[in-house]
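# Inside the fold
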Amino acid sequence: MTLNDAVARRHTVKAFAGGKSLPQEEIETLLNVLRNSPSSVNSQPWHFVVASTPEGRELMAQSTTGAFVYNGPKVLNASHVIALCMRTDLDDAHLQNVLAQEEQDGRFAKPEGKAGQDKSRRGYVDMHRYEQRDVPQWMEKQVYLALGGLLLGAAMLGIDATPMEGFDQRALDQALGLREKGFTSVVLVSLGYRSDEDFNAALPKSRLPREEIFTFI
């Protein structure tokens with residue numbers, strides 16, 4: 001499948017066929033996509049919770065009640081559901097952990113390279129913390145970069161997917177014990193096989209014309 005084919009085929013699935021599981025090899029590929037997602041100054045301010053069992057999906061579905069009940073079947077009938085989460089803060093422990101991993105992976109030929117990377121990253125964190133005062137929004141943007149890669153990766157593998165912001169974040173955080181671990185949920189993605197009830201599959205894709213969304217200079 002070409003990239004053009006994948007983006008043309010991809011759509012937000014409205015109904016999944018329950019009881020069908022995706023091959024683990026394909027899931028591992030998507031997890032690799034998430035792990036290697038880009039982030040500003042390699043801050044990696046995320047955590048991903050993967051529900052692959054009925055019990056795990058039931059936990060996730062606790063956040064799809066009330067106003068979000070319409071998304072419950074998309075969680076319960078999927079093969080896998082991933083909660084893309086962000087850190088509640090970019091604290092010193094996390095920054096040190098990222099720096100140590102970069103060193104272990106051989107990114108610094110000289111000691112000054114390590115010091116420079118640490119200073120640069122902390123400079124951006126401080127800018128967002130003190131001047132722009134938008135650290136949560138900055139971290140959330142990085143999570144959405146990971147979301148884009150995940151959806152494109154799923155499309156390339158022919159995997160049906162549904163991104164969802166329609167869930168109770170507090171309920172999901174409580175169900176998964178996220179806040180105690182320093183995280184909070186941002187967006188859910190269900191993965192699996194669409195059912196015959198997925199009306200969106202038969203609808204033509206609709207996008208604004210090229211001349212309205214591109215400016216060439």
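Structural notes, computed from the coordinates. Since this is a predicted model, take the numbers as computed values, not measurements.

## Some remarks on the overall build of the chain
Looking only at helices and strands, one finds nine helices and four strands in the chain. From first element to last, N terminus to C terminus, the chain shows the α and β order α-α-β-α-α-β-α-α-α-β-α-β-α. A burial count over the chain gives 41% of its 217 residues as buried. When the accessible surface of the chain is summed, it comes to about 12500 Å², and 51% of that surface belongs to carbon and sulfur atoms. Across the chain, 24 positive and 28 negative side-chain charges occur, with their mean positions spaced 2 Å apart.

## Some thoughts on the sheet that holds strand S1 (residues 46-51)
In spatial order, the strands read S1-S2-S4-S3; together these four strands make up an open sheet with antiparallel pairing. Looking at strand neighbours, the two that pair on one side only are S1 and strand S3 (160-164), the edges of this open sheet. Shown here is a sheet whose adjacent strand axes are inclined to one another by a mean of 25 degrees, direction ignored. Examined bridge by bridge, strand S2 (residues 80-87) and strand S4 (residues 183-192) share eight bridges and lie antiparallel to one another. Each bridged residue has a counterpart across the sheet, and for Met 86 the counterpart in S4 is Thr 184. Those strands touched by helix H3 (residues 54-61) are S1, S2 and S4, and its axis lies near 125 degrees from that of S1. In the packing of helix H7 (residues 135-156) onto the sheet, contacts are made with S1, S2, S3 and S4, and the angle to S2 comes to roughly 155 degrees.

## Structural notes on the packing of aromatic side chains
According to the stated counting rule, one finds two aromatic pairs in the structure shown. Pairing Trp 46 with Phe 48 gives two aromatic rings, centres 5.9 Å apart and planes at 35 degrees, and the pair type is tilted. Relative to Phe 216, the ring of Phe 214 has its centre 5.9 Å away and its plane inclined at 25 degrees; by these criteria the two rings are stacked. Taking relative accessible area as the criterion, Phe 214 reaches 41% and is therefore assigned partly exposed. The side chain of Lys 20 reaches across the aromatic face of Tyr 193, ending 4.6 Å from its centre.

## A short note on H7
Relative to the 32 Å expected for 22 residues at 1.5 Å per residue, H7 spans 32 Å between its end C-alpha atoms, a close match to the ideal helical length. For H7, the full list of buried residues reads Val 135, Trp 138, Met 139, Gln 142, Val 143, Ala 146, Leu 147, Leu 150, Leu 151, Gly 153, Ala 154 and Ala 155. Positive phi shows up at Gly 158, right after H7, with a value of about 75 degrees.

## What about helix H2 (residues 24-35)?
Its 12 residues give H2 an end-to-end C-alpha distance of 16 Å, which sits within 8% of 16 Å, the value for a rise of 1.5 Å per residue. Of the residues making up H2, those classed as buried are Ile 27, Leu 30 and Leu 34. Seen from one end, H2 has its buried residues packed into an arc of 60 degrees, which puts them on one side. Counted as exposed and oriented over 90 degrees from the buried face of H2: Glu 25 and Arg 35. At its buried positions, H2 is contacted by S1, S2, H7 and S4.

## Observations regarding a nonpolar patch on the surface
On the surface, a cluster of nonpolar side chains totalling about 310 Å² of accessible area is made up of Leu 3, Val 7, Leu 152 and Met 156. At the level of elements, helix H1 (3-9) and H7 are the ones that each hand at least two residues to the nonpolar patch. Take Leu 152: it is sitting in helix H7.

## Focus: unusual backbone geometry
Although it is not a glycine, Val 41 adopts a positive phi angle of roughly 45 degrees. Mapped onto the elements, Val 41 comes out in the loop between H2 and S1. Its relative accessible area of 22% is what places Val 41 among the partly exposed residues.

## Here we look at the nonpolar core
If you look at the biggest cluster of nonpolar residues, it comprises 26 residues, and the most contacted ones within it are Leu 84, Leu 150, Val 189 and Leu 191. Where this core is concerned, the elements lending two or more residues are H2, S2, H7 and S4. Ranked by residue count, the leading element in this core is H7, at nine residues. Apart from the residues within four sequence positions on either side, Leu 150 is in contact with Leu 30, Val 33, Leu 34, Ile 82, Leu 84 and Val 189.

Rules and cut-offs
Residues numbered from 1 in each chain as written. Predicted model: local features only at pLDDT ≥ 70, side-chain atom pairs only at ≥ 80, totals over all residues. Heavy atoms only, no water. Helix = DSSP H or I, 4+ residues; strand = E, 2+ residues; numbered from the N terminus. Buried < 20%, exposed > 50% of the residue type's maximum accessible area, 1.4 Å probe, protein only. Areas by Shrake-Rupley, 256 points an atom, 1.4 Å probe, with all protein chains shown as cover. Lys, Arg positive; Asp, Glu negative; His and termini not counted. Charge placed at Lys NZ, Arg CZ, Asp CG, Glu CD. Pairing = 2+ DSSP bridges. Axes fitted to C-alpha atoms, helices over the stretch in contact; angles between N-to-C directions. Contact = heavy atoms within 4.5 Å. Phe/Tyr/Trp six-rings, centres within 6.5 Å; stacked < 30°, edge-to-face > 60°. Lys NZ or Arg CZ within 6 Å of the ring centre and 35° of its normal. Expected span 1.5 Å × (residues − 1). Arc of directions from axis to C-beta. Patch = residues over 30% accessible without salt bridge, like charges linked within 9 Å, V, L, I, M, F, W, Y side chains within 5 Å. Salt bridge = Lys/Arg side-chain N within 4 Å of Asp/Glu carboxyl O. Core = buried A, V, L, I, M, F, W, Y, C linked by side-chain atoms within 4.5 Å.

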